[in-house]
Amino acid sequence: MPKHYSLTASLKDAFKTDVSVRSHKLVMDETPDVGGKDAGPLPFELLAAALAGCTALTLRAYANHKKIALDGVELEVSLTRRDPSEVVAAGPGAKTVVIKKKLKFSDKVSAVLRQKLLEIAAKCPVNKALLEGCETSAELA
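Residues numbered from 1 in each chain as written. Predicted model: local features only at pLDDT ≥ 70, side-chain atom pairs only at ≥ 80, totals over all residues. Heavy atoms only, no water.

A few words now on the pairing of strand S1 (residues 8-13). Little of S1 is tucked away, with zero of its six residues classed as buried. Relative to strand S2 (residues 16-21), S1 runs antiparallel, the two being bridged by five bridges. The residue of S2 that forms the bridge with Ser10 is Asp18. (Buried < 20%, exposed > 50% of the residue type's maximum accessible area, 1.4 Å probe, protein only. Helix = DSSP H or I, 4+ residues; strand = E, 2+ residues; numbered from the N terminus. Pairing = 2+ DSSP bridges.)

Right, dumping it as structure tokens:
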């Protein structure tokens, strides 16, 4: 698994942003109510998608490693951005962004294994990065 990732993003038309990652192309945009054309997901939707995808991949890797017959998993990720007043109301240590994951396994997966898979899901690299926080920087090219 690589330890360094890079991509390019290009803003040319209102809020529409074209993203290139290796040989893949993505589009992000804002909704019409803020001046976008809804040509692609919002940035926070892609963040939630990254978490869902990473969680699924982590569960598959674990199942393969442990030789567990896992016939899939369905994930629902919700992300809420709180207003400053909501953060204050939530109490000390509350965060501005709240992310919740729901995992659904087939009935063939025992309750004990579901609980173990829930623990493994928390170990996906994107989940860990979100919990740890990240160092970010910007510079002029």
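Position of Asn127 relative to the elements: it lies in helix H4 (residues 125-132). Overall, Asn127 belongs to the buried group, its relative accessible area being 11%. Setting aside anything within four residues of it in sequence, one finds Asn127 in contact with Leu51, Lys101, Ala121 and Ala122. (Contact = heavy atoms within 4.5 Å.)

A few words on the nonpolar core. Formed by Leu59, Tyr62, Ala63, Leu70, Phe105, Val109, Leu117, Ile120 and Ala121, the largest nonpolar core amounts to nine residues. Counting residues per element, the ones that place at least two in this core are helix H1 (43-66) and helix H3 (111-121). For Tyr62, the residues in contact, after removing those within four places along its chain, are Ile68, Lys116, Leu117 and Ile120. (Core = buried A, V, L, I, M, F, W, Y, C linked by side-chain atoms within 4.5 Å.)

None of the figures reported here should be taken as evidence of function without further support.
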